[in-house]
Every structure is written in C-alpha cells, then in structure tokens.
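Architecture at a glance
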Amino acid sequence: MVVTRFAPSPTGYLHIGGLRTALFSYLWARKNNGKFFLRIEDTDLARNSKEAADAILEAFKWVGLSHDGEIIYQSQRFDLYKKYVAKLLDEEKAYYCYMSKEELDALRENQIANKQKPMYDNRWRDSKETPPAGVSPVVRIKTPLEGKVLIPDGVKGNVEFSWSEIDDFIIARGDGTPTYNFVVAIDDALMGVNYVIRGDDHLSNTPKQIAVYNALGFSVPNFFHVPMIHNEEGKKLSKRDGAMDVMEYQRNGYIPQALLNFLVRLGWSNKDQEIFSFGEMLELFDPNNINKSASAYNAKKLDWLNSHYIKNTKNDELAKLLNDFSVEIHGHDKKEMLLDNAKERVNTLKELADAINFIIVPPLSYNEKDVSTVNEETLSILNDFVSFIEDKQELHLPSDFQEAVNDFLREKNIKMPLLGKPIRIALFGSGTGPNVADVLAILGAKETKNRVENFINYIKNKKEQTI
Ligand code: GLU
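The following refers to the structure shown. From a predicted model like this one, the values you see are computed outputs, not experimental measurements.

Moving on, we get to the layout of surface pockets. Reported here for the largest pocket is a volume of approximately 1,100 Å³. Around the largest pocket sit 37 residues that line it, and S9, H15, G18, D201 and H202 are the ones nearest its centre. Those elements that place two or more of their residues in the lining of the largest pocket are β1 (3-6), α1 (16-31), α5 (180-190), β9 (195-199) and β11 (229-230). Looking at the lining of the largest pocket element by element, the count peaks at 6 residues for α1. A class-by-class count of the residues in the lining of the largest pocket yields 14 nonpolar, 13 polar and 10 charged. Quantified by volume, the second largest pocket comes out at close to 420 Å³. As for the second largest pocket, its lining consists of 19 residues, of which L104, Y120, R140, D167 and I170 are closest to the centre. Listed by contribution, the elements that provide at least two residues to the lining of the second largest pocket are α4 (101-113) and α5. Broken down by class, the residue content of the lining of the second largest pocket amounts to 8 nonpolar, 3 polar and 8 charged.

Right, here's the structure in full:
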C-alpha cells in the first residue's frame, strides 16, 4: 500500500511550493488507493504558531485535498519521541554530549580557520570522562564513521553522501525537546509512510533521517526530492512572482481546480497536455516522471488556465464562488445571461465580479473625455433611441435585441459606431464595453431607457451650465 504525507511546518502560511508537493503526494496515494496523511511539524515552539497551523489547514480545505485519519501534531508527541531517545541511549546508539556553547563556538572557529567544514568532533562519543556539573547535556546520535549512504531518489537518481560529512547530530536538546530530523524520521516510520515526496531543499536532511531509520531498525522509504519553483528569470520565487499565501490566490479570484492544474504542471508533464481534469491527474501522475530541473512559474499560464476553468464552470457554481466577492448577482433576473456574457471575458473571479458590476451598476459618473465626443447628432440619435426602445419591453434574447438594433440603424441610416459609443457612455459611463445587444438583453428595455434618459439629462444640464 502506498502511504504518503504532507508535513508542513507552521512558521507561516501555506505557499504554492508546499501545496505542489502536497498535491503530488495526494495524487500518488489516491491513484494507488493508498493513504495520504497530514502532519503538522510544530516542534519548534519558538517559531511555530497555532494561527499558522490553522491558516495552512484553511488553505488545504479551500483547495479540497482530503487527508486520511487524524491530523498529527508533532508537538503532542514529545513523550513518544523521548521513548525513542531513551531507547537509543540504552542501546548505546546515542550518547549525552556536555559540550558548552563556548566550546562549540571555539571548535567551529578553529575549523573555519583551518578551512575545514564546521562539524561536531565526536568528543563525547566514547568518552569515559566524568560529566561536568551543572550542564544539561544534549543527546547525539552515533552516525557511521565511514562509508557512504546511497539515496535512490526517484527524481534525482542515486544521490550519495559520505558518512564522514554527517556528524553525530543532536536528537534531543538540553531541555529534552527532540529535534527536527529525528522526529520526521520517527513519524514517517510510525505512520507507515513509504513515499516521501518533498522539496529538494530537504535533500541534505535525508542522510540524517536515514541514520535515524537505521538506528531504530525502521525501513527506509522511497524518496522523491522535487526541484524548486523558480521565477521566469530562473531565480528564487519572490512574493511578487507568486510565492504568496495560497489563500491570496483565493482572494485574487483563482479557483482551486485551476491552481491545482497549474501546480501539477510545474515540474511534471504528460506530453504537451496542459489541461488536466482531476480524474486525468489521478490517472496520469507518477512521481517517477517529475522533472529533474527547476520549473518556472508563469503567471500568464495560470490566468489562462483560470479563464478556462471559469468558462467551463456551471453558472450556479460560479454564482456560489462569487459570494466571496462584492457583486449583487443573486436576485438578478438575468443571472444566467449575465454570467454567460461576463465569464467569456475574464481571467479571475475578481474580474468576473467587476465585469458584472460594470453592467448591472448604473454609472455614478461619466468619463469626461468620452462625454466630449457627444455632439448634437449623437444626442438626437440617443433621443430617438429612447423612443425606439420604449416599446421593446417584450424582447428577451440578445438576438432579439440585435435585430432591433439593426432595425434602428437601418431606419436612421447610420452605422453601429455612431450609436455604440454614446450608448455605452450612457449605460456604463465610458465609451467602451461589452456588446451592446447583449447588454440590452441583460438590462432590459426599461433600465436601458432610464440610463439613456439620465445621460441625456446630464448632457442637457451640462450645456445649460456652460451657457
Ligand atoms: N516540515 C517541512 C517543511 O515544511 C517538510 C518536511 C518533509 O516533508 O519531510 O518544509
């Protein structure tokens, strides 16, 4: 059985790099009818917070990746970890180290001066010395003194480290709290995780975790270290590029399916396919096909995917998603028509809300530059249009209004732009906007007439003031 997990440290929000590895782990477990667990790595009591953990879970819920079993909080498992520390001490696979901070600093300075890699020098490993009084010792694990550790990584291929590079690292601090690499290995083993898919910034931790697996007699999982997401210049992704809180994507109007589709393609591909339904992701994803090189974040592609998903989302669903944005669509009698019209032109839900408001909210002011293009001729066209539209109350479809507009143009013997621009100013406040017939169908003859009359009055008042 395939068992995977996502194990965020709650030092801040969930970012898209984390969400991507979570997605990979989720897909691989679900595809194989396995298990996908969630573990909050909150042992660093100084840097972790409950708020951050909750924010991560909120984002997780938003994207809809479900996990199996209870969420595991490492901060609640200290007693368990202590038992394993005791076990290793008992079996002499770990030992107390009484080195003071001053001694450690001196050692480090010395090593740097001698151009050596700073690392612990094993001085307490087999020491028979009497421990100094008043020092709370740390516990260090004995790592092999020689030989190599081979990590068969599903992304990187075989990665080798010399044990001589890995010092006897601390597994429990002076106050008894366990350290990161120790608890990760224990938890992965106890949770039965056999596929660890995570960012390649953790590759250097892996030999340490293997030392823990070996010392405790646990079997080592399959590792997949996923290259980072870079920006388009190949540099580390900054907040401006998109390395923001996953919930910021929600606030900016992206829909989870689009974001997940975007993320699955960052570092993984299936020929040149770009759009993946959830079912296709499940069917096709395989961590063995994750790219070896870093992937580039492409904001335009995310917009393109989001617009694709918006266009293909049913209107009822879209209306629900719009609840998070300020737009009064629910009571609108032309809701379907409005959504059909606006969803064709936008990349995000935020833009969708704006596009709808643009139509349904009467203009509060008129763009002065556009207004200055209105002359006697256009004003008389608008006046005639008011009389023309008055008795068109029974029209409903955009095609009906299109026909009516065509009749009007024919009657007046004018071309569309002569009507199109002033009528858009009257309807929206500015001379550009969506297709006139579509908007007339949405607003209906009565509202159209009101807005055009308001605009005519506005122009009249303006003229009177200037005289
Ligand atoms: N807690 C680690 C992080 O948030 C992940 C550890 C792991 O996946 O092994 O970066």
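Having seen it, we continue.
Before going further, it helps to spend a moment on the pattern of salt bridges. Evaluation of the coordinates by the stated rule reveals 29 salt bridges. For R39, the salt bridge identified is with E41, shortest N-O distance 2.8 Å. With respect to burial, R39 and E41 carry one shared label: buried. Put simply, D391 and K392 hold a salt bridge, and the shortest N to O gap is 3.0 Å. Judged by relative accessible area, which is 15%, K392 ranks as buried.

Attention now moves to the nonpolar core. Core analysis: the biggest nonpolar cluster contains 107 residues, and L352 and I356 have the highest contact counts within it. Residue contacts for I356: discarding those within four places in its chain leaves L322, V327, I329, L338, L339 and A342. Among the nonpolar cores identified, the runner-up in size contains 36 residues, and Y84, V139, F161 and V212 belong to it.

Next up on the list: the site of the ligand. In the vicinity of the ligand, the residues found are R5, A7, P8, S9, E41, Y180, R198 and H202. Here a nitrogen atom of the ligand and a side-chain polar atom of E41 are 2.6 Å apart. Between the ligand and the protein, one listed contact pairs an oxygen atom with a side-chain N or O atom of R198 at 2.7 Å. A molecule is said to occupy a pocket when more than half its atoms come within 2 Å of that pocket's grid points, and by this definition the ligand occupies the largest pocket.

Take the sheet that holds strand β3 (residues 72-73) next. In space, the 3 strands of this open sheet follow the order β1-β2-β3, with parallel pairing throughout. The outermost strands of the open sheet, each flanked by one partner alone, are β1 and β3. Along the sheet face, α1 touches β1 and β2 (35-40) and points at about 160° away from the line of β1.

Conventions and cut-offs
Residues numbered from 1 in each chain as written. Predicted model: local features only at pLDDT ≥ 70, side-chain atom pairs only at ≥ 80, totals over all residues. Heavy atoms only, no water. 1 Å grid on protein atoms, 1.4 Å probe; cavity = no way out; pocket = protein on both sides within 12 Å on 5 of 7 lines; lining within 4 Å. Points joined across faces, edges and corners; volume = space filled by probe spheres on them. Helix = DSSP H or I, 4+ residues; strand = E, 2+ residues; numbered from the N terminus. Nonpolar A, V, L, I, M, F, W, Y, C, P; charged D, E, K, R; others polar. Salt bridge = Lys/Arg side-chain N within 4 Å of Asp/Glu carboxyl O. Buried < 20%, exposed > 50% of the residue type's maximum accessible area, 1.4 Å probe, protein only. Core = buried A, V, L, I, M, F, W, Y, C linked by side-chain atoms within 4.5 Å. Contact = heavy atoms within 4.5 Å. Near = heavy atom within 4 Å. Polar contact = N/O pair within 3.5 Å; in protein donor to acceptor, adjacent residues only side chain to side chain. Sits in = over half its atoms within 2 Å of the grid points. Pairing = 2+ DSSP bridges. Axes fitted to C-alpha atoms, helices over the stretch in contact; angles between N-to-C directions.

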